[in-house]
Each structure stands twice: as structure tokens, then as C-alpha cells.
Amino acid sequence: MSKRLFTKESLARLTPAERGDLMRLQMSESYGSRSNYLPEDCSQCGACGEPTLGSGWCRECYARFEGLRAKALAEKEEP
């Protein structure tokens, strides 16, 4: 059984700013959005609005989400 991300215990491992980032990413468009100013194979990141190849989140937003998720679920040790 997988761990649940949005529990009181897991969110307590994050700072208030990190909780805000996690919620912003979680609630953002997962497919991004199209723009007439971008080539047909590109879209805007659903979280930050930066141009990205394909659709969905950019690499930075995806890495930020995965890092926050891992910290909240205590999947990796803090240095």
C-alpha cells in the first residue's frame, strides 16, 4: 500500500513555503496550455508558464514536486 501524501504527519515535515509550493503544483494544469506564439510541439508549463517541449510540467517544476513529495513522505534522508 502506498503512503498518502496529504496527511497531517507528512505535511508537518514541510515548511509553510514548501506546503504552498506543493499545493500550487498539485492544483496546476497537468497538461499545460497551448500558445499561438510557440511551435506546435511545445506548450506552456501548467505550473509556472515557461515554454516546454511537449505538454505538462517543465523539468524544474516536476523535479520540485518530486523533491517535495519525497520529503513529505520521508523517502530520503535529509543531510
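Structural data are supplied above this passage.
Quick caveat, the model's predicted, so the values are computed rather than measured.

Some words on the nonpolar core
Then, number 1: Ranked by internal contacts, the top residues of the largest apolar core, which has 13 residues, are Leu 25, Trp 57 and Cys 61.
Then, number 2: Elements supplying a minimum of two residues to this core: helix 2 (16-27) and helix 3 (59-72).
Then, number 3: The dominant element in this core, judged by the number of residues it contributes, is helix 3, at 4 residues.

Some details on helix 2
Then, number 1: Relative to the 16 Å expected for 12 residues at 1.5 Å per residue, helix 2 spans 17 Å between its end C-alpha atoms, a close match to the ideal helical length.
Then, number 2: Next to the buried residues of helix 2 lie helix 1 (8-12) and helix 3.

Quick word on the state of the cysteines
Then, number 1: In total, this model carries 0 disulfides according to the counting rule given.
Then, number 2: Cysteine Cys 45 is unpaired, with the sulfur of Cys 48 as its nearest cysteine sulfur at 3.7 Å.
Then, number 3: Its sulfur unpaired, Cys 61 is 3.6 Å from the next cysteine sulfur, which belongs to Cys 58.
Then, number 4: Look at Cys 61 and you get buried, because its relative accessible area is 7%.

Considering the pattern of salt bridges
Oppositely charged side chains may form a pair once their charged atoms are brought near each other.
Then, number 1: Counting across every chain of the model gives 3 salt bridges.
Then, number 2: A salt bridge links Arg 64 to Asp 21, with the nearest nitrogen and oxygen atoms 2.7 Å apart. On the criterion of sequence distance, the pair formed by Arg 64 in helix 3 and Asp 21 in helix 2 is long-range, its members being 43 residues apart.

Considerations on a nonpolar patch on the surface
Then, number 1: Side chains of Phe 6, Met 23 and Met 27 sit close together on the surface and give an oily, nonpolar patch of about 310 Å² of accessible area.
Then, number 2: With respect to the secondary-structure elements, Met 23 resides in helix 2.

Quick notes on the rules
Residues numbered from 1 in each chain as written. Predicted model: local features only at pLDDT ≥ 70, side-chain atom pairs only at ≥ 80, totals over all residues. Heavy atoms only, no water. Core = buried A, V, L, I, M, F, W, Y, C linked by side-chain atoms within 4.5 Å. Buried < 20%, exposed > 50% of the residue type's maximum accessible area, 1.4 Å probe, protein only. Helix = DSSP H or I, 4+ residues; strand = E, 2+ residues; numbered from the N terminus. Expected span 1.5 Å × (residues − 1). Contact = heavy atoms within 4.5 Å. Disulfide = S-S within 2.5 Å. Salt bridge = Lys/Arg side-chain N within 4 Å of Asp/Glu carboxyl O. Patch = residues over 30% accessible without salt bridge, like charges linked within 9 Å, V, L, I, M, F, W, Y side chains within 5 Å. Areas by Shrake-Rupley, 256 points an atom, 1.4 Å probe, with all protein chains shown as cover.

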